Structures are given as C-alpha cells and as structure tokens.
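Chains, contacts and geometry: an overview
These are the residues of each chain, in order.
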Amino acid sequence: MKFVDEFRDAAAVRKLAAAIALRVTRPWIIMEICGGQTHSIVKFGLDELLPPAITLVHGPGCPVCVTPVELIDAAVALAARPGVTVCSFGDMLRVPGTGIDLLTARARGGDVRMIYSPFDAVALAARNREREVVFFAVGFETTAPANAMAALHARRLGLRNFTLLVSHVLVPPAIEAILSAPDNRVQGFLAAGHVCAVMGTAEYGPIAARHHVPIVVTGFEPVDILQGVLGCVEQLESGRTEVANAYARAVRPEGNVRARKIMSEVFTVVDRNWRGIGRIPASGFALTSEFSGFDAMQRFGLAGDALPESTECISGQIMRGVKKPRECPAFGVRCTPDRPLGAPMVSSEGACAAYYRYRLRKTPAPAPTV
Ligand code: SF4
C-alpha cells in the first residue's frame, strides 16, 4: 500500500538503525510524544534495533490516558441520569474513573453508546430530540477540528439536546511541563506528526530554544520513527537544538489553516488537569462563551473538581519519561487489560497496553515474597 509499505521496508529500517549507531557517541534519552508512535516502536521492536546508548521513553500523547478521573466520573454520572445518552469512542469505555467505567455504567442500565464520529452523536440527537445526547469529546489537537465541526453542525440544526463533555488537551504545554519538572531526563523529542499536520510547527521553536532540546516532527511508521530518531541524534551529537520536520509528506509549517480556524471559532484555551500529571496551565480547550450552550458541564451543573487518583498507578511517571511500563510493580500482575488500574493499560494508544501486548513474555517474573 502506497505510503505504508515503503515506510515499513526492512532494508530501509536496518539502514537507518545502522546510521544511528554510527552517529551515537554517548547516551541520549529521547521521548516520542504520541501513543501511536509508542505502539509502532514496541510492536516493530524499533527500540531494540537501536544502540544501547539510545533510550526511548514514552510521552503523554494518549488522549484517553490523560483524561482526568473527574471527567470520567462525570460521564458515568450522566449515563445514570434518566433521559440522558452518553456517546463516546470505544477506547474510553473501559477506562476506570474513581469508581466504575462507562461500560459498567451501561451494564447497570445507563444509555452509553459507542460511536465512530462526533457526527454520529449529532445525528443521534437530531433523531431523538426528547433525549439529552452528550458526546464525550476527548483528544488532542488532532480530534479537536472534527469535534468543533460537530458543535457547529449541531448549532446549524438548532439542536438543544446535544452537548459536549470536553476533555481536549494540547501537546506543546505538556512538553513544557515535562521539561520544567525537576526530575526531567528527556533530552530530545519526536513530536507527533498528526498534531503538527493540524497545528503546524511554529509553537515548538520557542520550546526548543528555551529548553535547549531538539524537537523532530515524526510520523508513525518504522522508517518515519527511525528518521526522527536519527534527526534527533544528529542534533544532540552536534549540539544543535532546533525544530526539524521528518514528516514533510504530511506536515506543513503553517499546519491546516482551515482546521485551526474552525477550532478557534468553537474552542478557547484553558488550564487543564491531566490524569497522572496534574494541572498544566493553558494546556487544553474549553467551549467559547458563544458555544457555552453546548457545554455538558454547564447544562447539567457538574462541578468537575479534581479527584484523587490511584496511588498504585505510576502512569504519570511513565508519561513524563521518568519510568517505563515494566518498572510499574502492578504491570501484568495486578494491572492487566481485563482489570486495568490505570488508563495506559486499556487504551489502544497506552504505553502499558503496548508492552503488555507485545512484550509481556519478556517481563521478568515478580520477585518471590518470603
Ligand atoms: S501498569 Fe497499570 S498501574 Fe502500572 S502504570 Fe500502567 S496502567 Fe498504571
């Protein structure tokens, strides 16, 4: 398949891995931002092709993983209300809040629907005007344009029974937070290509300059990822810290101007609470005052105050690159995809899910207790 096969070519992958090995003279820690990149790395064993001096750590770019527990609890509470239908992408259904997940809410009689597009939720609201339809709008800059279009479409249809439970987060403030943490060890970033396809690359220049880190915009196939790593290593080895684009077939410096315009009509930048990481200033979207009538938190009078998270789950340390999934004592023991303690074990973009799926047999057995 065009744009896939040539970027999974084994010879090209080996050649890039050899080029990286030739260039490296000392240890470097590089973070891939996106959970999709993490899954490619672990699935294709790309980290194992790299010289031992290169450590890849896995960033916070899994939207389900960073959705705060209070919003999951809010969705669960809404699903329990008579006359309310909660619509969500499938990934979100099995993520635990402080109590049950949405799938359990459905098993207990709540009206929870799995959808594939925000427009499915709008259509459902249009067909069922006697019901309140809430769309759980989760995601990064990649899904925000479609969710904004759903709000615009609902307004055009004059729907008064459609709302969004918004949990949109933004990548650059998260990079800033990771780099500003006292225990940060990340020295270079592979930025998420699809986010940059929407937003462009301008936001990353000031971060690279301020924190002296290279940021390489990177795609998702094995060749893409190793090109990103090579670009990062070349900068690190030569003391340069710039923004580079290794995903030029999809990313233009200015991004998708029309998509950004639509987003700015519907959303405004606000502080957001990130699960496992905490509050990050100016790190997410909320509906503008013009669209406040579509805000589920306002419509249903939900507080959304931050709630305590599992003390056993170390997902925050994993998503900041401080630890890796197999360093979590619960990994594969008390936390599995069937019984997840944290979101990264159940999301299709979660780092723990990737290690469980592709690396479980390599996990050392837990130490015997005496
Ligand atoms: S293995 Fe489970 S408990 Fe540990 S960090 Fe991952 S999701 Fe959290």
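You'll find the structure just up there.
Residues numbered from 1 in each chain as written. Predicted model: local features only at pLDDT ≥ 70, side-chain atom pairs only at ≥ 80, totals over all residues. Heavy atoms only, no water.

Looking at the site of the ligand
Inspection of the region around the ligand gives C313, I314, S315, I318, C328, F331, C335, L341, G342, P344, M345 and C352 as its neighbouring residues. Assessed atom by atom at 2 Å from the grid points, the ligand resides in the largest cavity. Looking at the shell around the ligand, its residues break down into 10 nonpolar, two polar and no charged. (Near = heavy atom within 4 Å. 1 Å grid on protein atoms, 1.4 Å probe; cavity = no way out; pocket = protein on both sides within 12 Å on 5 of 7 lines; lining within 4 Å. Sits in = over half its atoms within 2 Å of the grid points. Nonpolar A, V, L, I, M, F, W, Y, C, P; charged D, E, K, R; others polar.)

Describing helix α13 (residues 257-266)
All of the buried residues along α13 are A259, I262, M263 and V266. One side of α13 holds all its buried residues, which, seen down the axis, span an arc of 100°. Exposed positions of α13 whose direction lies more than 90 degrees from the buried face are V257 and K261. Packing partners of the buried residues in α13 comprise α8 (144-157), α10 (193-199), β10 (267-274) and β11 (278-287). The N-cap of α13, judged by a side-chain oxygen 3.2 Å from the amide nitrogen of R258 a few residues on, is N256. (Buried < 20%, exposed > 50% of the residue type's maximum accessible area, 1.4 Å probe, protein only. Helix = DSSP H or I, 4+ residues; strand = E, 2+ residues; numbered from the N terminus. Arc of directions from axis to C-beta. Contact = heavy atoms within 4.5 Å. Polar contact = N/O pair within 3.5 Å; in protein donor to acceptor, adjacent residues only side chain to side chain.)

A closer look at the state of the cysteines
By the definition in use, this model includes one disulfide. What pairs with C62 in a disulfide is C65, and their sulfur atoms sit 2.3 Å apart. Across the disulfide from C62 to C65, rotation about the S-S bond amounts to roughly 70°, and the bridge is consequently right-handed. Among the residues examined, C62 registers a relative accessible area of 3% and is labelled buried. Since its relative accessible area comes to 2%, C65 is described here as buried. Free cysteine: C232, not disulfide-bonded; nearest cysteine sulfur from C196 at 13 Å. On the basis of relative accessible area, C232 is assigned to the buried category, the value being 0%. (Disulfide = S-S within 2.5 Å.)

Brief notes about empty space enclosed by the protein
Once rolled over the atoms, a probe with the size of a water molecule shows which space is left empty. Using the criterion set out here, one finds two cavities of 30 Å³ or more in the structure. A volume near 100 Å³ is recorded for the largest cavity. What lines the largest cavity is a set of 13 residues, and nearest its centre among them are C313, C328, C335, G342 and C352. Among the residues forming the lining of the largest cavity, the class breakdown is 11 nonpolar, two polar and no charged. If you add up the space inside the second largest cavity, you get close to 60 Å³. G35, T38, G59, P60, G61, C62, I318, M319, P344, E349, G350 and A351 together form the lining of the second largest cavity. At the level of secondary structure, the elements contributing two or more residues to the lining of the second largest cavity comprise α2 (35-44), β2 (54-61) and α15 (315-319). At three residues, β2 tops the list of elements feeding residues into the lining of the second largest cavity. Of the residues in the lining of the second largest cavity, the class split is six nonpolar, five polar and one charged. (Points joined across faces, edges and corners; volume = space filled by probe spheres on them.)

Some thoughts on the pattern of salt bridges
Applying the stated criterion across every chain yields a total of 14 salt bridges. Residue E290 pairs with R155 through a salt bridge whose shortest N-O separation is 2.6 Å. Pair noted here: E290 is in the loop between β11 and α14 (296-299) and R155 is in helix α8, with a separation of 135 residues, a long-range link. Under the relative-accessibility criterion, R155 is labelled partly exposed at 39%. Here the salt bridges do not stand alone but share partners, grouping D47, E48 and R359 into one network. (Salt bridge = Lys/Arg side-chain N within 4 Å of Asp/Glu carboxyl O.)

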